[in-house]
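# Reading the structure
What follows is the residue order along each chain.
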Amino acid sequence: MTLRRGGRPLLWLGLSVALVALAVAGIAIGTIALSPGAVWAALLGRGDATTITVVRDLRAPRVALAALVGAGLAMSGAALQGILRNPLAEPYLLGVSGGAAVGAVLAVVAGATSAGLVPLAAFAGAVLAVSVAMVVARAVGGRADPRLLLMAGVVVGAFANAAIMIVLANAPADTLRNATWWMMGSVAGAEWSGVRWLALYIAAGGLLLVARARDVDVLSLGEDSAAALGVRVEQSTRAVYLIAALVAAATVSAAGLVGFVGLMVPHLVRAAGVRSHRSLLAGSAIAGAGLVIGADLLARTLLPPAELPLGAVTALLGVPFFLARLRTLA
Amino acid sequence: MIVFESLVVRYPRAKTPAVRGVSLAALAGRVTAVVGPNGSGKSTLVRALLGRVTIESGTISVSGADARTLAPRELARRVAVVPQRETPAFPAPVRDLVALGRHPHAHGLARWTEGDEAAVERAIVEAGVGDLVERSSDELSGGEWQRVRIARALAQEAPALVLDEPTTFLDIAHEMAVFELLHRLARKGTAVLLVSHQLNLVARFADEIVLLHRGAVAAAGSPLDVMRGDVLEQVYEWPLVVTRDPAVGAPSLVPLRGHRGARDTPSH
């Protein structure tokens, strides 16, 4: 929470090493186990053709997608907790997840066959939900009151969940299964084309959030204090809210609902002593990427050959973490 | 210098304005105190200055410019404000919190400069929070937190300083220290505007007192002009006497006991 440059080289080194190690493990571990050396060789296009295909076309895009989803959700959560001044704020509370799920479920129920259609519908649903939440908050309160934004998001999310239940109640079994699987989150079946698109999107959103990080530092003090320190409170709050929601929407459209990441990772990074939102965003991006890579690795390997839903694994990881946090708060 | 000119402020959906045509000036080198009962419009003046409430009519000028036309950062370079309430969402080191006072001086992604560092150091020394800088905000008492916020406002290095009830939660020593600090800053040329409930201290430290009653100025002038029993009794709706403090000679208010049926006044 400062303009000054923080040190902590060990923290950054540790986070980066952990991320690289998890990424290598994510590529190396699977039905065909590879050594880190073989992973490196295959990435460079050396070795036998099967290994190269497995690494380059199957596992690497999957790991990259997991990293992007984790980074996006964690940055989104860090920014939202700052502007909404609420440690429980997370992207899925804003109606993003509900809206995206409605879009995706409608696309599945409508019989969307093209792989690209479901993510597009999810993204459209998320953007619509966020827009509705912002319009509701504005219509009710006039100002960008954090509490109103949060509650409007919760209301929109509740409405979205009701809509999903109504749509799914009469859906055929295989549609139900597809929709449910999507809502449980997954990075399986990642392809480079989608990953590239998401990378561009997350990077742009992340940079926009970092550019606003100082304002978020000040906004987290409260509205009057932020105004006293020269921040355009309404404008900044809305802008950060919108960017964070769009980043989360992109991750949801690419991988379904991966819960707890946006809530948990910023707390982890704060617990490591990071305070300024610029550092918090960067640290959350790295930690979030590593966390989802690791969670996906667990999802693939815990009960082979079955694959667990990614969202369930992140939630399972989140529970002990929050119990530990509760202990420090009590 | 901050000048409020015939200011009228009405909260959304409120029947009557919270501030009804208030004019007052906080001049450089002087401590100007705004006093009055709860709900008399004191804090609304501060919020109007910050653009947190819509001004219905009238103007607020800061160093000659209309506050509404100034960019927020420019406003924050001209006047440092310590609002009434503040609870940071996440704990932070005290030094970092004081450093946020440099926010109005930062541009884009510009680096932290030696000038910023020096301003923060000066503010820490001036506000007397040197013993707190290594602590975290969640380890501070209410009074310590208030002093840290004053330090942050000083780090803004603005020619005018506005404080909304800065000595709430402070014990006698720290309260006196704050008043002495404000007095010192004014003598160095700062325009100090202070909202306070501490009439007796205000009477000793302020150069000018503005007494608000139901959104309008009930009395204004030197402490001797404003601290009159009849005026204060009417405004505060409580029997009281004003004496001369035997030790320092300043006018001193003593509320009397045994009064029944005092009318409810609006509260926050």
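Here, every reference points to the structure presented above.
Residues numbered from 1 in each chain as written. Chains lettered and ligands numbered in written order. Predicted model: local features only at pLDDT ≥ 70, side-chain atom pairs only at ≥ 80, totals over all residues.

## Quick notes on the sheet that holds strand β4 (residues 55-62) of chain B
Residues and elements named next belong to chain B. Spatial ordering of the open sheet is given by β2-β1-β4-β5, a layout of four strands whose pairing is antiparallel. Each edge of the sheet is formed by a strand with only one pairing partner; in this case those strands are β2 (19-26) and β5 (65-66). Where strand β1 (residues 2-9) and β2 come together, six bridges link them in antiparallel fashion. Paired with Val8 across the bridge in β2 is Arg20. (Pairing = 2+ DSSP bridges. Helix = DSSP H or I, 4+ residues; strand = E, 2+ residues; numbered from the N terminus.)

## Regarding the pairing of β4 of chain B
All names here are of chain B. Sheet topology note: the β1/β4 ladder contains six bridges and is antiparallel. When the sheet's bridge partners are listed, Glu5 is paired in β4 with Thr59. The pairing of β4 with β5 spans two bridges and is classified as antiparallel. In the sheet register, Val62 faces β5, and the bridge partner there is Ala65. If you look at the hairpin formed by β4 and β5, you'll find two residues sitting between the two strands, and Ser63 has a positive phi there, around 45 degrees.

## Some remarks on the interface of chain B and chain A
Listed as interface residues are 28 residues of chain B and, on the opposing side, 24 residues of chain A. Secondary-structure elements contributing two or more residues to the side of chain B that touches chain A are α2 (72-78) and α3 (94-99) of chain B. When residues of the side of chain B that touches chain A are assigned to their parent elements, the largest contribution, four residues, is made by α2 of chain B. Looking at the side of chain B that touches chain A, its residues break down into 18 nonpolar, three polar and seven charged. (Contact = placed C-beta atoms within 7 Å. Nonpolar A, V, L, I, M, F, W, Y, C, P; charged D, E, K, R; others polar.)

## Here's the deal with the environment of Val31 of chain B
Residues and elements named next belong to chain B. Take Val31: it is sitting in strand β3 (residues 31-35). On a C-alpha basis, the gap between Val31 and Val162 in space is 10.0 Å, while along the polypeptide they are 131 residues apart. Beyond its immediate stretch of four places on either side in the chain, Val31 contacts Leu182, His183, Ala186, Val192, Leu194, Phe205, Ala206 and Asp207.

## Quick word on the nonpolar core
If you look at the biggest cluster of nonpolar residues, it comprises 193 residues, and the most contacted ones within it are Leu65, Val96 and Ala249 of chain A. In this structure Val96 of chain A touches Pro91, Ala126, Ala129, Val130, Ala245, Ala248, Ala249 and Val252 of chain A, once residues within four positions along its chain are discounted. (Core = buried A, V, L, I, M, F, W, Y, C linked by C-beta atoms within 7 Å. Buried ≥ 20, exposed ≤ 12 C-beta atoms within 10 Å, placed from the backbone.)

## Observations concerning the sheet that holds strand β7 (residues 160-164) of chain B
Residues and elements named next belong to chain B. Read across the open sheet, the six strands follow the order β6-β7-β8-β3-β9-β10; overall the sheet is mixed. Edge positions in the open sheet fall to β6 (79-82) and β10 (216-221), since each of these has one partner strand only. With strand direction ignored, the average angle separating the axes of adjacent strands in the sheet is 15 degrees. Helix-sheet contacts for helix α5 (residues 142-155) involve β6 and β7, and the interaxial angle to β6 is about 170 degrees. (Axes fitted to C-alpha atoms, helices over the stretch in contact; angles between N-to-C directions.)

## Quick notes on the pairing of strand β11 (residues 240-244) of chain B
All names here are of chain B. Of the pairings in the sheet, the one linking β11 to strand β12 (residues 251-255) comprises five bridges and is antiparallel in character. Residue pairing across strands places Thr243 opposite Ser252, the latter belonging to β12. Taken together, β11 and the strand that follows it, β12, pair antiparallel across an intervening segment of six residues, in which Gly249 is found at a positive phi of about 80 degrees.

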